[in-house]
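Examination of the molecular architecture
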Amino acid sequence: MTCERYLNSIQESVDGTIGSIRRAELEMHLDECADCRALRDDLQRIHDAAASLPALEAPDRAWLQIAGRLRQEGRIREIAPAPGPRPNYVAWLAAAAAVILAVVTAMMLLVPQKAAPVQRAQTAPPAAGTGNTGGGNAPASQSVEAAQTEVDAAQQQFEKAIENLEKVAKANVEALDPGTSATIDKNLGIIDQAIADSRAATRAEPTNVAARETLFEALRHKVTLLQDTISLINEMRKGNNAAAAQLVNKS
Amino acid sequence: MVTSKGPVHPIGQGPGTARAAELQLVDRCRQGELGAFEELYRQHSGRLFSLAVRMLGNPADAEDMLQEIFLSAHRKLESFRGEAALGTWLYRLAMNQILDHVRSRAARTGQLTDGLDDATVLADGMGHRLADRAIDRIDLERALAELPEGCRAAFVLHDVEGLEHREVSDVLGIAEGTSKSQVHKARLRLRGLLRR
């Protein structure tokens, strides 16, 4: 049984505030009492472990929500368009999505047997423009409707690419261990939430360039994660554990 | 005044250079540059999120709190003069918001000081010793979340954040003796919880 009369001294010794006379008295007692020694050691270990607790990582969605609220409150300065003809950002995104579609097709050929067939029409590169034709330059000013149309068109291209990647990943998911699969699902859930939030922000303000950028950034994240998942499946199938480990570490 | 574990200067930068970089970053944030505010968030969110999780006892409340802290920081950046390091300024702002929340929650439950019964704590904390191995971080975080509100706040401020009892008493608005007794009870209770 620990001696209650020494309890305060033990705690103050852990706090580092005990005076020298009481410390000497406590040390004499600890030399003779194993229970009190064990208590002092345990409380010291708890104190030390608490003092060295590392910083936790804030979830990704927290930043997306903060950024969304700053935009809603109008606290973010929108980036002014560069003088002169502005490159058609949305059309560029559509072209990027087309490249992704081509990559998807190539990757599906790499994933054997169970890959879901892809419609030829979906793999054909879509038109580079999305409403603005010729030269890739947008008009100097854009109506809300035109902006929304452009965003919708570029989104559709991404969604096609994502749909195809998801089909391939889902059809071959058994190649992954349940832990990896659960982590990927969790990350996809976070990205989906980010896509939903930024899509809502874009719908509320179709001409808001920053909101668009956030949406397309989230869509790009999803494409990248799905591409990595399929690469991982391929490496697992080939028995290439080193390459698979590299992909997991990258994620 | 809250001292606490101080901010760390970026690698390879002395305090002067780091301060100049901070002021530049703050200036960009004030101009509404989202990328600059994201940079500020990335630098400080981990530490503030950890503080919120441990003080509030659950990650969901801490995530909401983190949003409020950074939104409030964005609004108040106009008043940042660079007299203290940005990390210290943010830490104080975060601590005030977290404590407002803790106090209002404690007022509802009456638990800012009276979380643990002395006899129970003694019986629970003074029995068998802990296993002879390093205390697992996850076990400690879990046990911390099980402490009553006031007791946990005092322990986090003193043992995790490194404040003196005098500072804990100022921050929580309690007597210094109460801070000691809360921290001491928390350690005994944790000993009981970590043995399970």
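What counts and how
Residues numbered from 1 in each chain as written. Chains lettered and ligands numbered in written order. Predicted model: local features only at pLDDT ≥ 70, side-chain atom pairs only at ≥ 80, totals over all residues. Heavy atoms only, no water. Axes fitted to C-alpha atoms, helices over the stretch in contact; angles between N-to-C directions. Helix = DSSP H or I, 4+ residues; strand = E, 2+ residues; numbered from the N terminus. Left-handed = near helix turned anticlockwise from the far one by under 90°. Contact = heavy atoms within 4.5 Å. Salt bridge = Lys/Arg side-chain N within 4 Å of Asp/Glu carboxyl O. Polar contact = N/O pair within 3.5 Å; in protein donor to acceptor, adjacent residues only side chain to side chain. pLDDT = per-residue confidence, 0-100. Expected span 1.5 Å × (residues − 1). Buried < 20%, exposed > 50% of the residue type's maximum accessible area, 1.4 Å probe, protein only. Parallel < 35°, antiparallel > 145°, perpendicular 65-115°, else oblique. Nonpolar A, V, L, I, M, F, W, Y, C, P; charged D, E, K, R; others polar.

A look at the packing of helix 4 (residues 60-72) of chain A against helix 2 (residues 34-56) of chain B
Remark: helix 4 of chain A packs on helix 2 of chain B, axes separated minimally by 11 Å, with the N-to-C direction vectors making an angle of 145°. As helix 4 of chain A runs across helix 2 of chain B, the sense of the crossing is right-handed. Facing A:D60, A:A62, A:W63, A:I66, A:A67, A:L70 and A:R71 of helix 4 of chain A, the residues of helix 2 of chain B in contact are B:L34, B:F37, B:E38, B:Y41 and B:R42.

Brief notes about the interface of chain A and chain B
By a widely used convention, the size of an interface equals the accessible area lost when the partners come together. In this complex, chain A contributes 39 residues to the contact, which on the side of chain B involves 49 residues. Taken together, the links from chain A to chain B amount to six salt bridges. In this structure, B:R191 and A:D42 form a salt bridge, with 2.9 Å as the shortest nitrogen-oxygen distance. Taken together, the links from chain A to chain B amount to 19 residue pairs in polar contact (both at pLDDT 80 or more). Where the side of chain A that touches chain B is concerned, the elements lending two or more residues are helix 1 (7-15), helix 3 (34-51) and helix 4 of chain A.

Observations concerning the confidence of the model for chain A
Regions with low pLDDT should not have their predicted coordinates read in detail. All names here are of chain A. Across chain A, the average pLDDT comes to 72, with 64% of residues at or above 70. When the elements of chain A are averaged for pLDDT, helix 6 (residues 120-123) gives the smallest value, 36, and helix 2 (residues 20-32) the largest, 96. Here residues 106-141 scores under 50 on pLDDT; set against residues more than four positions off or in separate chains, the count is 54 contacts.

Brief notes about helix 4 of chain A
In an α-helix, one turn spans 3.6 residues; hence positions three or four apart end up facing the same way. Residue and element names in this part refer to chain A. Across its 13 residues, helix 4 extends 19 Å between first and last C-alpha, which sits within 8% of the 18 Å expected from 1.5 Å per residue. Residues of helix 4 that are buried: A62, W63, I66, A67, L70 and R71. Looking one or two residues past helix 4, G74 carries a phi angle of roughly 70°, positive in sign.

Some points on the packing of helix 3 of chain A against helix 7 (residues 149-160) of chain B
Where helix 3 of chain A contacts helix 7 of chain B, the axes come no closer than 8 Å and their chain directions differ by 80°. Relative to helix 7 of chain B, the element helix 3 of chain A lies roughly perpendicular. Every residue of helix 7 of chain B that contacts helix 3 of chain A at A:I46, A:H47, A:A50 and A:A51 is listed here: B:F155, B:D159 and B:V160. Looking at side-chain class alone, the contact of helix 3 of chain A with helix 7 of chain B contains five nonpolar, one polar and one charged residues.

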